[in-house]
Amino acid sequence: MPLGEKTRSSSALGRLETQNVPSILSELGRSGNEDEEEQPGWLVREQLKQNGRRLSLSSPSHSAIDPTFSLKINESISLDCLQEMKLAFEDLEKDGFEAIDAKSFVGIVKKCLPATDAVLVQGLFKKIDFLGKGTISWSNFAAHMLQEYTEKEERVRCSKRVAFALPATITARRRADSPVVNIHHSRDGVVMTVREDGAVSCWSPQLQPLRTKRMFSEGNRKWASDFCLLAEYNKLIIATGNREIQLYELSTLEPYCQINALDTVPLKMDCSCTGPDQCCFLFGDMEGCINIISIFDVEDTLRLWNKSPKTGRMPSVAIGTAVLSPNITFVRWKVHQDWVTRAKYLPCLKAVISSSSEETSSLVIGCVLPQTNVQQELSEIQEPCYEGKTTNVQLSWTPQLRASCDQTVFAIHKGVETFDLCEKLSLLVTGGMDRLIRMWNPHSSGKPTGILKGHCAPVTYLCISAEHSQIFSVSVDNTAKIWAVQEQCCLFTAESKDSGIHGDIAACLYFAAVRSLYIVADSVAVLALKTRPQPHGIRTVSHNEPVMCCGYSKEFRKVVSCSEGSLVKVWDFDTGRQVFEFGGAHNLTAITCMTFDTKGRRLITGGKDGCLKTWNFNNGRCLKTLMSSGKNPELHDCVYLDVHNNSYMISVGKDAMIYIYPDLPEEPHHIQRQQSTWQNEVKRGHKEDVLCVAHCPPSLVATGSCNGEITVWNLISGQIHSRLVSPLPAEHHNVDGLDTSVPCMIFLKLEHFSPATAALLSPGTAGCINLWDVNGGGRLVTCFKASKRQQMITKMSKTTKGAVLYAADRIGYVYIYDMGKLTVGPQPKPLKADAFWRAHTSRITGLEVVDNDQVVLTSSVDHTVRLWGVHGQFIGTFGQSDVWNVHITSSWKHPAVPYEVLTDPLSMPDCELVKGTSSDNIDCQAEGLQLRTQRVGQI
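Everything quoted here is computed from the prediction, not taken from an experiment.

### Observations regarding unusual backbone geometry
Note that the residue after L166, namely P167, is joined by a cis bond; omega there is -5 degrees. Mapped onto the fold, P167 is located in the loop between strand 3 (162–164) and strand 4 (169–170). P895 follows H894 through a cis peptide bond whose omega is 10 degrees. Relative to the assigned elements, P895 resides in the loop between strand 61 (874–877) and helix 14 (899–903). A positive phi angle, near 50 degrees, is found at H644, a position not held by glycine. One can find H644 in the loop between strand 42 (635–643) and strand 43 (646–653). Judged by its relative accessible area of 58%, H644 is exposed.

### Side note on the sheet that holds strand 24 (residues 427–431)
Strand order in the open sheet formed by 4 strands is 23-24-25-26, and the pairing between neighbours is antiparallel. At either margin of the open sheet sits one strand with a lone partner, and together these are strand 23 (418–422) and strand 26 (450–452). For this sheet, the mean inter-axis angle between neighbouring strands, taken without regard to orientation, is 20 degrees. Bridge analysis of strand 24 against strand 25 (residues 437–440) gives 4 bridges, and the strand direction is antiparallel. When the sheet's bridge partners are listed, G431 is paired in strand 25 with I437.

### A look at the environment of A585
Turning to its location among the elements, A585 is positioned in the loop between strand 37 (578–582) and strand 38 (591–596). With 19 residues separating them along the chain, A585 and S566 place their C-alpha atoms 5.4 Å apart. The residues contacting A585, other than those within four sequence positions of it, are S566, V568, I591, K613 and W615.

### What about the nonpolar core?
Counting residues in each nonpolar core, the largest one holds 27 residues, and the members touching the most others are I237, I245, I259, F281, I293 and W305. Not counting chain neighbours up to four residues away, the residues in contact with I237 comprise D226, F227, C228, L230, I245, Q246, L247, M269, C271 and F281. Grouped together as the second largest cluster of nonpolar side chains are 25 residues, A163, F472, I482 and L517 included.

Cut-offs and rules
- Residues numbered from 1 in each chain as written.
- Predicted model: local features only at pLDDT ≥ 70, side-chain atom pairs only at ≥ 80, totals over all residues.
- Heavy atoms only, no water.
- Helix = DSSP H or I, 4+ residues; strand = E, 2+ residues; numbered from the N terminus.
- Buried < 20%, exposed > 50% of the residue type's maximum accessible area, 1.4 Å probe, protein only.
- Pairing = 2+ DSSP bridges.
- Axes fitted to C-alpha atoms, helices over the stretch in contact; angles between N-to-C directions.
- Contact = heavy atoms within 4.5 Å.
- Core = buried A, V, L, I, M, F, W, Y, C linked by side-chain atoms within 4.5 Å.

Structure representation (structure tokens):
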């Protein structure tokens, strides 16, 4: 991790303690001009138009709430500032205030953070006061910050989108095979393992066997303790229990030479090039010592050793003889008080790092040679001999102690079994018997910068991937994890039952070139890393799965969209940027419907799991779960309504029942059951799935089913007010597979009817819309063709003022109808669309008109959520790279249209246009051709 970069530990308190942040003021109090992103071209042009005056991204008619304001507090607040705010809350409580209002909250925050904008603080107050009480307490404030941070971690985990391909690819292994001592990879991508009996096996990255060769002769009781590769000199180096270091040709696996007569058994070994024609071998032993053999003029020295007398079938040179060469330097450091668990040379630091299971010197980073008085120290260790002249020198195996200035010692509870160090991230990670992964600044042994918790068994392997800022860890229970370095959270876990890896772990290897983790246990296994690809190519998408619904919160100026993958995303309405998300909202089942409470501060969602849930969508906290008792409880639609100062939530779904829940925010139980059902609902209600519900103030509710039946209910009495059944046109009688369902409804006030009349609009067959007089006994007033292509209308919305209707069909078209032009009577005039355009390439699942800003919000199963002008001008897709401003038309995508809409076959003129067809279809196709040609020309 780069020095000076802030990190987070694994708990909220730990984050505050380990981040040496002087004050939140340093983040929130800075000027808006600092570290600004590059301004988009449309904003620069608008600034020039305004004679150089700085233009706000917000409309003058409203105050934009900074979507990241509360996140900045959570990330940057210091412990002292947090305690100061808590004391301020407590002082007010002592004065008799159990909770504080917005004005007092602004005063507290401004006292701690003088440079903070009061408007932003008021916006934060609204997020915390999701019930609209007008007051909040300290516990509300703390819970909001903690919940928001938790959901932010989850969002990071989802955004990384990394996983292992499960189950693992596993090789077959014979029971008679001896254990593997280690695993490495060569430069040409070959994966190599060495067993204790000296058998070297070579594999392809996909674990296809290439070759196997025994390095020790039959009947020889020699055993291998470790091995490493010196690829620069084409050497495979094996350490043995006979106190030998054997060198083999890496390409042919033929014996080359060996260093024998070591005074101790090399347990863990490493080798590396240290300079031009220089290298070193190092190994740790049972006495806690690190032995280093540095070689200069490597090629000449190895060639000389290769001509030495043979011991067995391999040229051998004793260590006592080897160190007499002027090209050899031997050092033995006393580092640990227990066996060395791992040793590694660090070319970046020109130092050696080693670990042990004892606590006082669990991990030590030290120099290879003494940094002070080098010549004196070397003279005590060896007597060099030049030009072939030898002197009788007795090699001293007495370990040397480094000066304290020549090493950094880390004392860690229960010692260290494994470690890794990354120079690029300036990060050291350690793991051991206490199951914790500690993150360190390698230049400071004081306290870890972070602790990763999650393993349930001792950690046996760690590796840092600098390219993707990830940590790979393996524990002795065969669990492999992927961690994000910056966010310090677990991205993925592969347990033994999922990966199929069993047995005692002998060795592990992360091969960055093929992004695979190799684990050697009962057999050799590979966990290939897969990144979940974006399946949309050059398309801009809002979700990675179909969007099932969307809505707009006027209170916060936020757009909320819900997906089939149970993911809720919150978008900034004014710019199109995502500000928040939380997943698993309905236990990974699809979210099918959503709405807001009257104040627009709480989100209500319904899913295939049959539950209706209320949320504080600004931090992802589930406030209440409303459960139905139906046998098939999948929900299709929901609505929030007020009746005589009481609030209710109504949901309908697959079991043909209507569930009514009173909105009781103070109800202490998190899970709430529905009230008793209406008698008429059971006896005379729907017999098929209920698809939609609509409210007509004050007390009428209409429900539509998949068989085309509409029932209007009196909400207070539970009695059926009227039944409406759509008539079939004559041309559709006896048509098989005709869709007569009612996917949506809307109540509308029309000048043609008296104020006491309730006019209901519902989809009919073949793209028609039916107009009903509900209070007139359920009379069908008129019917008009809404979809030019005779597709079922899936969503409808209306303007607050006037009687303008927006209707969307199942192939992505949006139509605008002025219902004030609708004529009724014996010979009504056909109602024509004032405008229409294709907004999506698939079924539209969300449609809402935002009157104050003169825009239209749409969502679709084509994975997108889009914003349009009221006449169909394309503003943009939520999630696109370029930001927009709803009040500055030069920031819109218009006159461009979405690329996939432009190129979709249904957007093209049909061949029937040439052949000749009905006048309606010709008009529709001609209009589509004209519109498309006009837009292509503008692009």
